[in-house]
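Each chain is listed here by its residues.
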Amino acid sequence: MRGFINTPRDIARELARRYSTMTHEELDMLEQILVPMKFARGEMILREGDICRNIYFIDHGLVRQFYFKNGKEVTEHLAEDHTIFMCIESLFQEIPSRLQVEALEQSIVYAMPKEKLEVVALHSVNIQMMYRKILEESLIISQIHADLMRFETAQDRYTKMCKLYPQVVLRAPLVYIANYLQMTPETLSRVRAVAART
């Protein structure tokens, strides 16, 4: 597997760029709590029954969040390079997660332990702002997915996913894209064929 391309300092700067401006001292505080982790393709990052204790930032890689319903896997989220993922209910209620997270590619992920993040946030308005914006983003992503399922046709679901997450569509196995869009692989094949013609 490739070594770490970005240092914890690089990731702290990236998080500051995306979510909140920070002083050098605040970057130091954030850098000190970041935990680099490597996952091989197919490796589990979080299993059902684990308690999610971190917010995760993907340096590079692709991950899938899923759960089991009536014995079948349901893909809830697909996350790629430079995006955040977490199991929010488990994280905040400190209860065993019903969600599981699997690396679909070799992935380098930086964990921000919630407990440590909250301690440094007490001393920094900018880190508090970053924390809040990360949570807002996570809720918005969940809402977008819920609205896709509620209101859009199969064709529109796929088209919107291509616009919102073009790299995920290119890189994720089609079976998981179909599952995420709540359609069969056969339906997805038909939808993709129509999209290719338009």
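Computed from a prediction, not measured in an experiment: that's the story for all the values here.

Caption draft 1: Expanded view of the overall build of the chain. Secondary structure summary: the chain contains nine helices and eight strands in total. Projecting the C-alpha coordinates of the chain onto the three principal axes gives extents of approximately 55 × 35 × 35 Å. A buried classification covers 44% of the 198 residues belonging to the chain. Sequence-distant contacts in the chain: of pairs separated by 6 or more residues, those separated by 24 or more amount to 71%. Of the roughly 10700 Å² of accessible surface on the chain, a fraction of 53% belongs to carbon and sulfur atoms. Positive and negative side-chain charges in the chain, numbering 25 and 26 respectively, have mean positions lying 6 Å apart.

Caption draft 2: Quick look at helix α1 (residues 8-19). Here α1 spans 16 Å end to end across twelve residues, near enough to the 16 Å set by a 1.5 Å rise per residue. For α1, the complete set of buried residues consists of R9, I11, A12, E14, L15, A16 and Y19. For α1, the secondary structure elements touched by its buried residues are α2 (24-33), β3 (54-60), β6 (84-85), β8 (107-113) and α5 (125-151).

Caption draft 3: Inspection of the packing of helix α4 (residues 114-121) against α5 at higher detail. Closest axis-to-axis distance for the α4/α5 pair is 8 Å, and the angle between their directions is 140 degrees. Regarding the angle of α4 to α5, the classification is oblique. Judged by residue contacts, K114, L117, E118, V120 and A121 of α4 engage I127, Q128, M130 and Y131 from α5. Here the residues of the contact of α4 with α5 are counted per class, giving six nonpolar, one polar and two charged.

Caption draft 4: Geometry of α2. Those residues of α2 that sit buried are E26, L27, L30 and I33. Along the long axis of α2, the arc covered by the buried residues comes to 130 degrees, so they all point the same way. Seen from the open side of α2, the exposed residues pointing more than 90 degrees away from its buried face are H24, E25 and Q32. Lining the buried residues of α2 we find α1, β1 (35-39), β8, α4 and α5.

Caption draft 5: Representation of the sheet that holds strand β4 (residues 63-69) in the model. Strand order in the open sheet formed by four strands is β2-β7-β4-β5, and the pairing between neighbours is antiparallel. A single partner strand is all that each edge strand has here, and the edge strands are β2 (44-46) and β5 (72-79). Strand-to-strand twist in this sheet, taken as the mean axis angle between neighbours without regard to direction, amounts to 35 degrees. Direction of pairing for β4 relative to β5: antiparallel, over a ladder of seven bridges. What sits directly across from Y67, in β5, is V74.

Caption draft 6: Spotlight on the sheet that holds β8. A sheet is described by the order of its strands in space; here four strands give the open sequence β1-β8-β3-β6, paired in antiparallel fashion. Edge strands, defined here as strands with exactly one partner in the open sheet, are β1 and β6. Note: β3 against β8, six bridges, orientation antiparallel. Paired with I55 across the two strands is M112, which belongs to β8. Lying over the sheet, α4 contacts β3 and β8, oriented at roughly 55 degrees with respect to β8. Contacts between α5 and the sheet are confined to β3, β6 and β8, with β3 contributing the most and set at about 80 degrees to the helix.

Caption draft 7: Main features of a nonpolar patch on the surface. Together, I88, F92 and L139 line one region of the surface with nonpolar side chains, adding up to about 250 Å² of accessible area. Within the fold, L139 resides in helix α5.

Criteria and cut-off values
- Residues numbered from 1 in each chain as written.
- Predicted model: local features only at pLDDT ≥ 70, side-chain atom pairs only at ≥ 80, totals over all residues.
- Heavy atoms only, no water.
- Helix = DSSP H or I, 4+ residues; strand = E, 2+ residues; numbered from the N terminus.
- Buried < 20%, exposed > 50% of the residue type's maximum accessible area, 1.4 Å probe, protein only.
- Contact = heavy atoms within 4.5 Å.
- Areas by Shrake-Rupley, 256 points an atom, 1.4 Å probe, with all protein chains shown as cover.
- Lys, Arg positive; Asp, Glu negative; His and termini not counted.
- Charge placed at Lys NZ, Arg CZ, Asp CG, Glu CD.
- Expected span 1.5 Å × (residues − 1).
- Axes fitted to C-alpha atoms, helices over the stretch in contact; angles between N-to-C directions.
- Parallel < 35°, antiparallel > 145°, perpendicular 65-115°, else oblique.
- Nonpolar A, V, L, I, M, F, W, Y, C, P; charged D, E, K, R; others polar.
- Arc of directions from axis to C-beta.
- Pairing = 2+ DSSP bridges.
- Patch = residues over 30% accessible without salt bridge, like charges linked within 9 Å, V, L, I, M, F, W, Y side chains within 5 Å.
- Salt bridge = Lys/Arg side-chain N within 4 Å of Asp/Glu carboxyl O.

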